[in-house]
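# Understanding the architecture of this molecule
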Amino acid sequence: MSALIHGLPDSPIVGFTALLLAILTVPPLVERLRLPGLVGLLAAGIMLGGNGLGLISSDDAGMALLSDIGKIYLMFVAGLEIDLAEFRKTQNRSLGFGAATFFIPLIFGTVMGRSFNFGWNGSILIGSLLASHTLLGFPIVRRLGVVRTEAVTVTVGATIVTDTAALLVLAICVAIHGGSFTGSFLVKQLILLGAYAVAVLWGLDWAGREYFKRTGDEEGNQFLFVLFGVFLAAIVAQMINVDKIVGAFLAGLAINDALGKGPVQEKVEFLGSTLFIPFFFIDMGLLIDIPRFIDSLVQNPLLTIALSASLISSKFLASLVCKVAFRYNWAETITMWSLSLPQVAATLAATLVGVQVGLLGEEIFNGVIVMMLVTSILGPLLTERFAAQLTPPLPTSLPEPDTLWFQADALVPTLTAGIPVPDFCTLFPEDDRPHPFTVLVPLANPSTEQGLIELAALVAQQESGTIVPLKITKAHVNMADPQLDQDLLRGRRILRRAVDLCQGFGVTVDPVLRIDDDVAAGITHAAREHQADLIVMGWSRFSLRSRLLGTVTEAVFWAAHCPVAVTRLVDNPQQIQRILVPVKDLLPRTLRTVRFAQWLGETNGGTVVLLHICVAWTPPEQITAFETSLNQWVEQQSGTLNPGRSGGETLEPNPGATVQVTTLTGESITGEEVASIILNQAQQFDLVVLRSVRRRTAGGFAVSTVTNQVMDNFGGSIVLFGEPHG
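Residues numbered from 1 in each chain as written. Predicted model: local features only at pLDDT ≥ 70, side-chain atom pairs only at ≥ 80, totals over all residues. Heavy atoms only, no water.

## Observations regarding unusual backbone geometry
We count it as follows: Note on conventions: DSSP H or I runs of at least 4 residues are helices, E runs of at least 2 residues are strands, and numbering of each starts at the N terminus. Whether a residue is buried, partly exposed or exposed follows from its accessible area with a 1.4 Å probe, protein chains only, as a fraction of its type maximum: under 20%, in between, or over 50%, in that order.
The phi torsion at R327 lies on the positive side, around 60 degrees, for a residue other than glycine. Of note, R327 is situated in the loop between α15 (301-326) and α16 (330-340). A positive phi angle, near 55 degrees, is found at Q531, a position not held by glycine. Assignment of secondary structure puts Q531 in the loop between α22 (519-529) and β5 (534-538). Here Q531 falls in the partly exposed class, since its relative accessible area comes to 31%.

See the structure below:
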């Protein structure tokens, strides 16, 4: 091995290649052991550094640059991913819990630092390291469907308070350590910091909105604007004696509000989470000297234990205070505690700054690494166990089945508002009658067009609706180009076949041939022009290229104003009899998925099974409340309730269809187990209808691990049902 390493060329490209290989291979292996991927990145840094292969050094200028970019990006993404809308809903309680989970750990950490003979400045900085938190458990609560519970939204909102306050304490402590601290300096620094925060939060927000408004769909320029804003904020922060990670975090909050959720944010986060942020964690691993790390733990075990114990106990006490103040139950309290336990992003970044300026010693750095490992494992485990006991807030009223589709969530009152849903004509007063239900079917692959048309026809048939077969012909620079004429002729033939396929379904057909230089834009524009209520598309595999460059399906999902059904059919749609629909909440997007499946079941006289999966310790009253609400909604479709099998209940909306609600439980609710339960049940079905879920730190269109596993292992037909992005 050493001969092979010595034979490598003396080039920084070798180290960069080793970094990419580590990022690609190590985290997935560590995650198989149920450990966070960042633990693998730290281990990769140790292996590649002086204690291992010696391919990379933290002192290299290139590695230092990549680590700095990763640190800035880490704090930027931390600000970008905070849900400001959810924070505003519970801002008073979020501020309350944020204050408690900041000041109590700050006091604990300061007392601990003083007890180990650290100075006041260092002790306060240690306290600030304990005060922030990283929402490692957020994907778990999202998978459990309890994101909208108050305990979760309050904890997410508190992140703004803890991270911002911890970074401000860091800035002041570093300034004091620099020796330039006086009373007048503190006043001046606070004024500069306040003006800087206002300039970033308001100025960058305003500049972003104006720039995005003028650039429209130019994602490349928007992407560059975001990067420019982040690094400009970091530079200006350093100019006023504030660390650059403070500027990066504030820039994330500002751009968060201006950018919103969309493909640009996805790509910004994808670049960071795939490339730059892993560089920072690997550099942290390079800084760990294994012999000295072990000596530090052996010589100062009490300090290491005290750090982790102070954090765990102080965060629990903060959650306990909120339990008493806000009258939360124990499941809510421990969920808040578990979500606020992990110390990764702000803690590691601030620790590294403290070490670099000489304010913190190596023993604190090593203790923080241990604390990070302990909390990043303990926090998600507790979240997995107790968040499942939370009761998701059920809507005060459910939409009428016949109005469910003729609404966009952004245009009508939400279910939780308790306000009656306006009918279609009040939304569009220029129409003197409701627009017929319209299904748009883009056609591109001859091998799938028949299945797509038949599926769309079956759905439209239930609503006496219209099918719009669509063929996009790529535009040419010269509109008189003979190749364009041939493409148009081919498109007309495809549409003619589509019209023939619709014969016998009793639906209106309105074929459209469109010339456009962007296929995805042509589809979404045509859908809007024809007031489509649903887009039915064929399935395509998503690869690394699609994550970087995007696909037509991805672009349609992001831009469409209506739901999109991406299909992979292996049987004739008219032969589908048994349909499985996993259901985890009662939001409009989920009920639309159920309604879509019911249309197919009613057409073919089949059976639709609504599968509700929850952990074994979910309270029975929570399961009962969920099933009752779902049953009542289905019952509104003139169905009658009859006893069902497998502990569920069967409803018959009409003589030709049966809907069965079934609840299954498992010991855990990890993605692997949920996928396994769905796959086990799916073997008895002809079609599985899944709802797409986007990852917050992935690029472009991405589906959940559960969906990927079901898609890869289920041999039958699948529909991936996605909501309009908004």
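## A look at the nonpolar core
What counts is decided by this rule: What we call a nonpolar core is a set of buried Ala, Val, Leu, Ile, Met, Phe, Trp, Tyr and Cys residues that are connected through their side-chain atoms within 4.5 Å. Note on definitions: a residue-residue contact is assigned when non-hydrogen atoms from the two residues lie within 4.5 Å.
Counting 97 residues, the largest nonpolar core has F76, F281, L348 and I364 as its most contacted members. Apart from residues lying up to four places away in sequence, L348 is in contact with F280, F281, M284, V368, I369 and M372. One finds V507, A597, V634 and V689 within the second-largest nonpolar core, a separate group that totals 45 residues.

## Quick look at the pattern of salt bridges
Opposite charge on two side chains lets them pair, provided their charged atoms get close. Here is the rule we go by: Definition used for salt bridges: Asp or Glu carboxyl oxygen within 4 Å of a side-chain nitrogen of Lys or Arg.
What the rule picks out here adds up to seven salt bridges. Of the charged contacts, one joins D205 and R209 as a salt bridge, the two residues approaching to 2.9 Å between their closest N and O atoms. Linking D205 with R209, this pair stays in helix α10 (residues 183-215), spanning four residues, or about one helical turn. Given a relative accessible area of 12%, D205 falls into the buried group. Put simply, R497 and E449 hold a salt bridge, and the shortest N to O gap is 3.0 Å.

## Some thoughts on helix α25 (residues 588-604)
The following threshold applies: Take the residue count of a helix, subtract one, and multiply by 1.5 Å to get its expected span.
The end-to-end C-alpha distance of α25, which contains 17 residues, comes to 25 Å, matching closely the 24 Å that a straight helix rising 1.5 Å per residue would cover. Taking burial as the measure, the 17 residues of α25 include 15 buried ones, the bulk of the element. Of the residues one or two after α25, G605 is the one with positive phi, at around 65 degrees.

## Observations concerning a nonpolar patch on the surface
Note the threshold: Here, patches come from residues exposed beyond 30% relative accessible area and free of salt bridges, joined within 9 Å for like charges and within 5 Å for nonpolar side chains (Val, Leu, Ile, Met, Phe, Trp, Tyr). Working definition of accessibility: Shrake-Rupley area with a 1.4 Å probe, residue cover restricted to the visible protein chains.
Among the surface-exposed residues, F103, I107, F108, V111, L317 and V321 lie close enough to one another that they form a single nonpolar patch of about 510 Å² accessible area. Secondary structure elements with two or more residues in the nonpolar patch: α6 (91-115) and α15. Here the nonpolar patch gets four residues from one element, more than from any other, and that element is α6. Tracing the sequence through the fold places V111 in helix α6. For V111, a relative accessible area of 53% corresponds to the exposed category.

## Brief notes about the packing of helix α20 (residues 449-462) against helix α21 (residues 482-502)
The angle between the axes and the distance between the axes are what describe a pair of packed helices. Condition: For helices, the fitted line uses only the C-alpha atoms of the stretch in contact; every axis is such a line through C-alpha atoms, and the angle between N-to-C directions lies from 0 to 180 degrees. Here roughly perpendicular refers to angles of 65 to 115 degrees, roughly parallel to angles under 35, roughly antiparallel to angles over 145, and oblique to all remaining angles. In this scheme the handedness of a crossing depends on how the near helix is turned from the far one: anticlockwise by less than a right angle means left-handed, clockwise means right-handed. Throughout, the ten residues Ala, Val, Leu, Ile, Met, Phe, Trp, Tyr, Cys and Pro are labelled nonpolar, Asp, Glu, Lys and Arg are labelled charged, and all others, Gly among them, are labelled polar.
Following both chains from N to C, one finds α20 and α21 inclined at 45 degrees, their axes separated by 10 Å at the closest point. One way to sum up the angle between α20 and α21 is to call them oblique. Like other packed secondary-structure pairs, α20 and α21 cross with a definite hand, here right-handed. Each of E449, Q450 and I453 in α20 lies in contact with α21, whose residues at this interface are I494, R497, A498, L501 and C502. Split by residue class, the contact of α20 with α21 holds five nonpolar, one polar and two charged.

## Considering the pairing of strand β4 (residues 512-516)
What counts, and what does not: For two strands to be treated as a pair, DSSP must find no fewer than two bridges joining them.
Burial of the side chains of β4 is restricted to one face: V512, R514 and D516 are buried, whereas none of L513 and I515 on the reverse face is. Where strand β2 (residues 466-474) meets β4, five bridges bridge the pair, whose relative direction is parallel. Residue pairing across strands places K474 opposite D516, the latter belonging to β4.

## Description of the pairing of β2
Of all the nine residues making up β2, eight are buried; the element is thus mostly covered by neighbouring parts of the structure. Across five bridges, strand β1 (residues 438-442) lies against β2 in parallel orientation. Pairing of V439 across the sheet is with I467, part of β2. Of the pairings in the sheet, the one linking β2 to strand β3 (residues 508-509) comprises two bridges and is parallel in character. Across the sheet, residue I467 finds its bridge partner in β3, namely V509.

## With respect to the confidence of the model for the protein
Defined as follows: pLDDT gives the predictor's per-residue confidence on a scale running from 0 to 100.
Here the protein shows a mean pLDDT of 76. Residues at 70 or above account for 79%. The weakest mean pLDDT in the protein belongs to strand β9 (residues 641-643) at 37; the strongest belongs to β1 at 93. Low pLDDT, under 50, characterises residues 542-549; the stretch is placed with 13 contacts to residues that sit more than four places away or in other chains. Scored below 50 in pLDDT, residues 694-703 shows 45 contacts in the model against residues more than four places distant or in partner chains.

## Brief notes about the packing of α25 against helix α26 (residues 620-635)
Contact geometry of α25 with α26 gives a least axis separation of 12 Å together with a crossing angle of 50 degrees. Comparing the axis directions of α25 and α26 gives the class oblique. Every pair of crossing elements has a handedness; the one defined by α25 and α26 is right-handed. Seen from α25, the contacting residues are L591, V594, R595 and Q598; seen from α26, they are L630, W633 and V634. Here the residues of the contact of α25 with α26 sort into five nonpolar, one polar and one charged.

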